[in-house]
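Understanding the architecture of this molecule
Each chain, written out:
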Amino acid sequence: MAELTPDDLMFRPGLMKGERILITGGGTGLGKVMAEACLILGAEVYICGRRGGVVEATAKELMAAHPEAAGKVVSLACDIRVPEAISEMLDKIWSDGGALTGLVNNAAGNFISRTQDLSPRGFDAIANIVFRGSFFVTLDCGKRWIAEGKRASVVSILTTWVWNGGPYTVPSAMSKAGLATMSQSLAVEWGDYGIRFNNIAPGPFPTEGMSARLNPSQAEDTGGAYSDMTGNPMGRVGDMRELANLAVYLLHPLSAYVNGQTIAIDGAAWQATGGNFSRLRSWGDAEWTAAREAISATNAKDRAARTV
Ligand code: HXC
Ligand code: NAP
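Residues numbered from 1 in each chain as written. Chains lettered and ligands numbered in written order. Predicted model: local features only at pLDDT ≥ 70, side-chain atom pairs only at ≥ 80, totals over all residues. Heavy atoms only, no water.

Quick look at the side chain of Thr-169
When you line up the elements, Thr-169 lands in the loop between α5 (161-164) and α6 (170-189). For Thr-169, the residues in contact, after removing those within four places along its chain, are Asn-110, Phe-111, Ile-112, Trp-161, Leu-214 and Phe-277. (Helix = DSSP H or I, 4+ residues; strand = E, 2+ residues; numbered from the N terminus. Contact = heavy atoms within 4.5 Å.)

Right, here's the structure in full:
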């Protein structure tokens, strides 16, 4: 379902006209709402994911929900774990109106697991998307921007675990921390080119993808900071509008002097509670087996829908 109306955005109509933004994983969840905000404000938005049907349906849905918008949403089936597939996707985007002006590294995979239960393939399943895939997309875009002398804004969606670790989500926490380092490094290295890098570290924003793998039993108090909001200083989860407005701010050229920063949007949860899954220390074998079975069922369902 489309989530936003123009009144949900703090910016003037047409603010993002002329902006061309790629949002990886833009077919669902946070990526979808950021795509919608950019569309409403007049941007040309590209969304990609492995499930071609999902990104296509999202593009159609958002365009139908906002017929007044000057921009557009274009869907592309792409697996960002495959560098050649990324190049092919970027070729299509560049030939559909020129260089991107913004990239949101949003695509991710994640699941809760005791670290001693992970296999190398389990680690790779996360790291290949988040750590390697996001870097490949950034690198390919960066080479094109540098060659063409174009400015751009890159926003990577991290977690607050980059500051204090992610027990039971170690491959994700390690990968997100790697991306944080990428952003800090390239903010300096590519600042001269007008290419800047910032990160958003969201707290809990309920999405299907997040709930299925991080709170698989859907119980009230399993996810610590992610299902029990009593520890959150604001007593609630995030509102998608809050995230969308922050993303637009960082993508727009008028925030151009903001470079190399990570902004948490979590109600101060991580300062108050750690913001991670440390409370899962109370789980035993039975809970972990049940969680893994529930996560595996979700993974199998998603795999069946992948077109790339
Ligand atoms: C241990 C597990 C596991 C689990 C999978 N594996 N689930 N290991 N515990 N719960 C292992 C498998 O056993 C296998 O290793 C390997 O991982 C690959 O599993 P597949 O099911 O074949 O993986 P695949 O189909 O490629 O799926 C990739 C995925 C999946 C990352 C595992 O979750 C996915 O596609 N996710 C995309 C969407 C998503 O995760 N969104 C959530 C983002 S939310 P072996 O050795 O057995 O073969 C998010 C929020 C962060 O990041 C912050 C929250 C507040
Ligand atoms: P989500 O709906 O599951 O989004 C993940 C998206 O990534 C999906 O659309 C998925 O589509 C895509 N994706 C995964 N692997 C891909 C690949 N190899 N190539 C291309 N696309 C791929 O989850 P979400 O909650 O919106 O999460 C979005 C981002 O926010 C992630 O970076 C997540 O870590 C971060 N985050 C979320 C929360 C939260 O509370 N929701 C909190 C902190 C951080 P396909 O499966 O079709 O490929």
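Notes on the pairing of strand β4 (residues 102-105)
In β4, alternate side chains face the same way, and those of Gly-102 and Val-104 on one face and Leu-103 and Asn-105 on the other are all buried. Direction of pairing for strand β1 (residues 20-24) relative to β4: parallel, over a ladder of 3 bridges. Counterpart to Ile-23 in the pairing with β4 is Val-104. Pairing of β4 with strand β5 (residues 152-157) involves 4 bridges; the strand directions are parallel. Among the inter-strand pairings, Asn-105 is bridged to a residue of β5, identified as Ser-156. (Buried < 20%, exposed > 50% of the residue type's maximum accessible area, 1.4 Å probe, protein only. Pairing = 2+ DSSP bridges.)

What to know about the packing of helix α1 (residues 29-40) against helix α8 (residues 240-251)
Contact pair α1 / α8: the axes reach a minimum separation of 9 Å and the direction vectors enclose 60 degrees. By the angle class used here, α1 and α8 are oblique. In this structure, α1 crosses over α8, and the sense of that crossing is right-handed. Of the residues in α8, those touching α1 at Gly-29, Leu-30, Val-33, Met-34, Ala-37 and Cys-38 are Met-240, Leu-243, Ala-244, Ala-247, Val-248 and Leu-251. Looking at the contact of α1 with α8 residue by residue, the class counts come to 11 nonpolar, 1 polar and no charged. (Axes fitted to C-alpha atoms, helices over the stretch in contact; angles between N-to-C directions. Parallel < 35°, antiparallel > 145°, perpendicular 65-115°, else oblique. Left-handed = near helix turned anticlockwise from the far one by under 90°. Nonpolar A, V, L, I, M, F, W, Y, C, P; charged D, E, K, R; others polar.)

Observations regarding the packing of helix α3 (residues 83-94) against helix α4 (residues 120-148)
Each pair of packed helices can be summarised by the angle the axes make with each other and by the distance between the axes. Running from amino to carboxyl end, α3 crosses α4 at an angle of 40 degrees, the nearest separation of the two axes being 10 Å. One element, α3, and the other, α4, form an angle in the oblique class. For the crossing formed where α3 meets α4, the hand is right-handed. Here Pro-83, Ile-86, Ser-87, Leu-90, Asp-91 and Trp-94 of α3 lie close against α4, whose contacting residues are Gly-133, Phe-136, Val-137, Asp-140, Cys-141, Arg-144, Trp-145 and Glu-148.

Notes on the site of ligand 2
The full set close to ligand 2 counts 26 residues, and Thr-28, Arg-50, Arg-51, Asn-106 and Thr-207 are the nearest of them. Taking Asn-106, its main chain carries an N or O atom lying 2.7 Å from an oxygen atom of ligand 2. The backbone of Phe-205 places a nitrogen or oxygen atom 2.8 Å from an oxygen atom of ligand 2. Protein burial of ligand 2: of its 880 Å² of free accessible surface, 92% is covered by the chains. Of all the elements in the fold, those that place two or more residues in the shell around ligand 2 are α1 and α7 (208-214). Split into classes, the residues belonging to the shell around ligand 2 amount to 12 nonpolar, 9 polar and 5 charged. (Near = heavy atom within 4 Å. Polar contact = N/O pair within 3.5 Å; in protein donor to acceptor, adjacent residues only side chain to side chain. Areas by Shrake-Rupley, 256 points an atom, 1.4 Å probe, with all protein chains shown as cover.)

A look at the side chain of Asp-140
Structurally, the position occupied by Asp-140 is in helix α4. When near neighbours in sequence (up to four residues on either side) are disregarded, Asp-140 contacts Ile-86, Ser-87 and Leu-90.

Description of α8
In this model α8 runs 17 Å from its N-terminal to its C-terminal C-alpha over 12 residues, within 8% of the 16 Å that 1.5 Å per residue would give. With 9 of 12 residues buried, α8 lies mostly within the body of the structure. Met-240, Leu-243, Ala-244, Asn-245, Leu-246, Ala-247, Val-248, Leu-250 and Leu-251 are the residues of α8 that are buried. (Expected span 1.5 Å × (residues − 1).)

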